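What follows is the residue order along each chain.
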Amino acid sequence: MKTMRAVRYLGPKQDFKLQAVAIPEPGAGAVRVKIAACGMCHTELHLLDGLLDMGRRDFTVGHEIAGVIEAVGDGVPAERIGERVIVYFMEGCLECQYCRAGDEQLCTAPIGQAGFFSDGGYADYIVTRARNCVVVPAHVKLHEIATMGCAGTTAVHAGKMAGIQPGEWVVVNGIGGVGFALVQYALLAGAKVIGVGIGAARLALATELGVHGVIDAAETQDVVGAVTAMTGRGADVVFELVGAEATMQNATKMLRPRGRLVLIGYEAASYNNHPLELILREAKVMGSVGCTLQDLHDIVALVADGKMRAVVDLALPLDDFATGLAALAAKTLLGRAVLVMA
Ligand SMILES: [Zn+2]
Ligand SMILES: [Zn+2]
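Residues numbered from 1 in each chain as written. Chains lettered and ligands numbered in written order. Predicted model: local features only at pLDDT ≥ 70, side-chain atom pairs only at ≥ 80, totals over all residues. Heavy atoms only, no water.

A. Highlighting the nonpolar core. Counting residues in each nonpolar core, the largest one holds 97 residues, and the members touching the most others are Phe 16, Tyr 122, Ile 145, Val 170, Val 172, Phe 239 and Leu 325. Sequence-distant contacts of Val 170, defined by excluding residues within four places in its chain, comprise Ile 164, Ala 186, Ala 191, Lys 192, Val 193, Ile 194, Val 237 and Phe 239. If you look at the next biggest cluster of nonpolar residues, it comprises 17 residues, including Ala 226, Ala 235, Val 238 and Leu 255. (Core = buried A, V, L, I, M, F, W, Y, C linked by side-chain atoms within 4.5 Å. Buried < 20%, exposed > 50% of the residue type's maximum accessible area, 1.4 Å probe, protein only. Contact = heavy atoms within 4.5 Å.)

Structure below.
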């Protein structure tokens, strides 16, 4: 049996383990991708702390996957071998009402979700549906686009959910991996963007990307007041990426009437606000989870056209995944960390 390296999830509150597992063979409609790089997402920390537990054990983690197709299963043209691709991590049933509409992230009976409950990308190879492999143009680096597989697609999806209109004030509450992508996407949509985050380096990069204002949450007593001062009546859209009780309350209070709050990041805290905060604003609160396959096609095109870019802070070999996870947990990274397979 030919084996490969894979970083395995064994259960909540247990460290991931680097193991040798069988190299998977592609079945009908599937391909095997030799993984070039896999971005590291906060989700991995929530597998470790048990906040995210989809009931499965013993699978390979990682869902920001890019590589090269090296084998195809029945029904997939051999011409696809050699394609540089990024992988869509959802494998919906393709038959429920959500899948039929393209919303595989809402599938009621998913077959797989790479790195969440089925085998993902902290490994040398992955087998996935051929349709889930989106071609990456030659001028785009695989280790950079990999990180957009979740960070970028999450931003595109949440941006569409919010229905950003040109000229609107958008607050990105939490500047980091997803935050940098959201800032860029909201600017492309014609919004005036305020980045709220921690640390001069992150906020400087947000400024470089073109935001209209930044607020250092660690040094600002009244973040809501600061947003109101910049916007007049508050924000049209707030993307909440932090998930702490205080940041979620602030995110709600900084909305102008008819504002929309999109919840994306989460920790252990609950969303806890008095109903009047929403009633008196006629505010909308919504969640946004993952992305559609189309969102992945969109982000690849945006990066290929130079309209958006990945922010990668740290590249590590696969065997050093624990170093990357520690950096993620310490919240010291400027953007994404990415594992680069040898
Ligand atoms: Zn489905
Ligand atoms: Zn992710």
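Picking up where we left off.
B. The arrangement of the coordination of the zinc ion (ligand 2) in detail. Cys 41 (SG), His 63 (NE2) and Cys 150 (SG) make up the full set of protein donors to the zinc ion (ligand 2), lying at 2.0 to 2.2 Å. When the donors of the zinc ion (ligand 2) are listed by position in the chain, the intervening gaps give C-x21-H-x86-C. With Cys 41 in the loop between strand E3 (30–40) and helix H1 (42–49) and Cys 150 in the loop between helix H3 (142–146) and helix H4 (151–162), this residue pair connects regions lying 109 residues apart in the sequence. Cys 150 carries the same exposure label as Cys 41, and that label is buried. (Donors = N, O, S within 2.8 Å, 3.2 Å for Na, K, Ca; no water. Helix = DSSP H or I, 4+ residues; strand = E, 2+ residues; numbered from the N terminus.)

C. Expanded view of the sheet that holds strand E15 (residues 255–263). Read across the sheet, 6 strands follow the order E13-E12-E11-E14-E15-E16 without closing on themselves; strand pairing throughout is parallel. The two strands at the open ends of the sheet, each matched to only one other strand, are strand E13 (213–216) and strand E16 (284–287). Adjacent strand axes in the sheet meet at a mean angle of 15° when their direction is disregarded. Alignment of strand E11 (residues 169–173) against strand E14 (residues 235–240), held across 4 bridges, turns out to be parallel. What sits directly across from Val 170, in E14, is Val 237. Lying over the sheet, H4 contacts E14, E15 and E16, oriented at roughly 145° with respect to E14. Running over the sheet, helix H6 (residues 200–209) touches strand E12 (192–197) and E13 and is turned about 170° from E13. (Pairing = 2+ DSSP bridges. Axes fitted to C-alpha atoms, helices over the stretch in contact; angles between N-to-C directions.)

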